[in-house]
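Residue-level structural notes
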Amino acid sequence: MRSWGRRGSVLTEFLLTLLIACLLIPACIVCIAVLSGTLKFDQTLQDEIALMQLRRVLLLSYDIETNGNVVYFTYQTREMRLSNVNRNLIIQPGTQIFVSDIDYASFYYSQGLLMMKYEREGKTYEKALIGQ
């Protein structure tokens, strides 16, 4: 008589587990939707990180000059230039990329600051690099 009641309890436990799993599925879907939104590549944030690194290089440099499209400077006794090459803002010699997928970049001095203006996908960005 005892074995008869035990057989039904396995089915009950299985159905209860299935019910709990079905109740958790909507919560999991919401969590995944929220996480996928935060994991998207944020180009603006990446630009700020790259520009902070560029500012560090320029702060350690001297003889900084610009002609509009190129910034010339001396970094660790090497003559360097910062320019837009193949839609990437790079330092040459070498190919250290700072900002990528830009249409153009220009540099100018304004109120004692070296400014950079660049365009990406129809939006124009203007950032201060360093002071004179």
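Please refer to the structure higher up on the page.
Rules behind the numbers
- Residues numbered from 1 in each chain as written.
- Predicted model: local features only at pLDDT ≥ 70, side-chain atom pairs only at ≥ 80, totals over all residues.
- Heavy atoms only, no water.
- Phe/Tyr/Trp six-rings, centres within 6.5 Å; stacked < 30°, edge-to-face > 60°.
- Buried < 20%, exposed > 50% of the residue type's maximum accessible area, 1.4 Å probe, protein only.
- Helix = DSSP H or I, 4+ residues; strand = E, 2+ residues; numbered from the N terminus.
- Pairing = 2+ DSSP bridges.
- Axes fitted to C-alpha atoms, helices over the stretch in contact; angles between N-to-C directions.

Focus on the packing of aromatic side chains
Each aromatic ring pair is specified by the distance between its two centres and by the angle formed by the two planes. Applying the stated rule across the entire model yields 1 aromatic pair. Here the aromatic rings of Tyr118 and Tyr125 are separated by 5.1 Å at their centres, their planes lie at 20°, and the arrangement is stacked. The class for Tyr118 is buried, based on a relative accessible area of 1%.

Details of unusual backbone geometry
In this structure, Pro93 follows Gln92 across a cis peptide bond, with omega equal to 0°. Here Pro93 lies in the loop between strand E4 (88-92) and strand E5 (96-100). Phi is positive for Asn86, close to 50°, though the residue is something other than glycine. Mapped onto the secondary structure, Asn86 falls in the loop between strand E3 (78-85) and E4.

So, the sheet that holds strand E7 (residues 113-120)
Pairing is antiparallel across the open sheet formed by 3 strands, whose spatial order is E6-E7-E8. Each edge of the sheet is formed by a strand with only one pairing partner; in this case those strands are strand E6 (104-110) and strand E8 (123-131). Averaged over all neighbouring strand pairs, the angle between strand axes comes to 20°, with direction disregarded. The sheet contact formed by E6 and E7 spans 7 bridges and is antiparallel. Looking at the pairing, Ser110 lines up with Leu113 of E7.

A few points about the pairing of strand E2 (residues 70-75)
Summarising burial for E2: 5 of the 6 residues are buried, a large majority. The sheet contact formed by strand E1 (residues 62-66) and E2 spans 3 bridges and is antiparallel. Bridge assignment links Thr66 to a residue of E2, and that residue is Val71. Counted between consecutive antiparallel strands, the loop separating E1 from E2 contains 3 residues, among which Gly68 sits at a positive phi close to 115°. Judged from the 6 bridges that link them, E2 and E3 form a sheet pairing that is antiparallel. The residue bridging Val70 from the neighbouring strand is Ser83, located in E3. Count of turn residues in the E2/E3 antiparallel hairpin: 2 residues, of which Gln76 carries a positive phi of about 50°.

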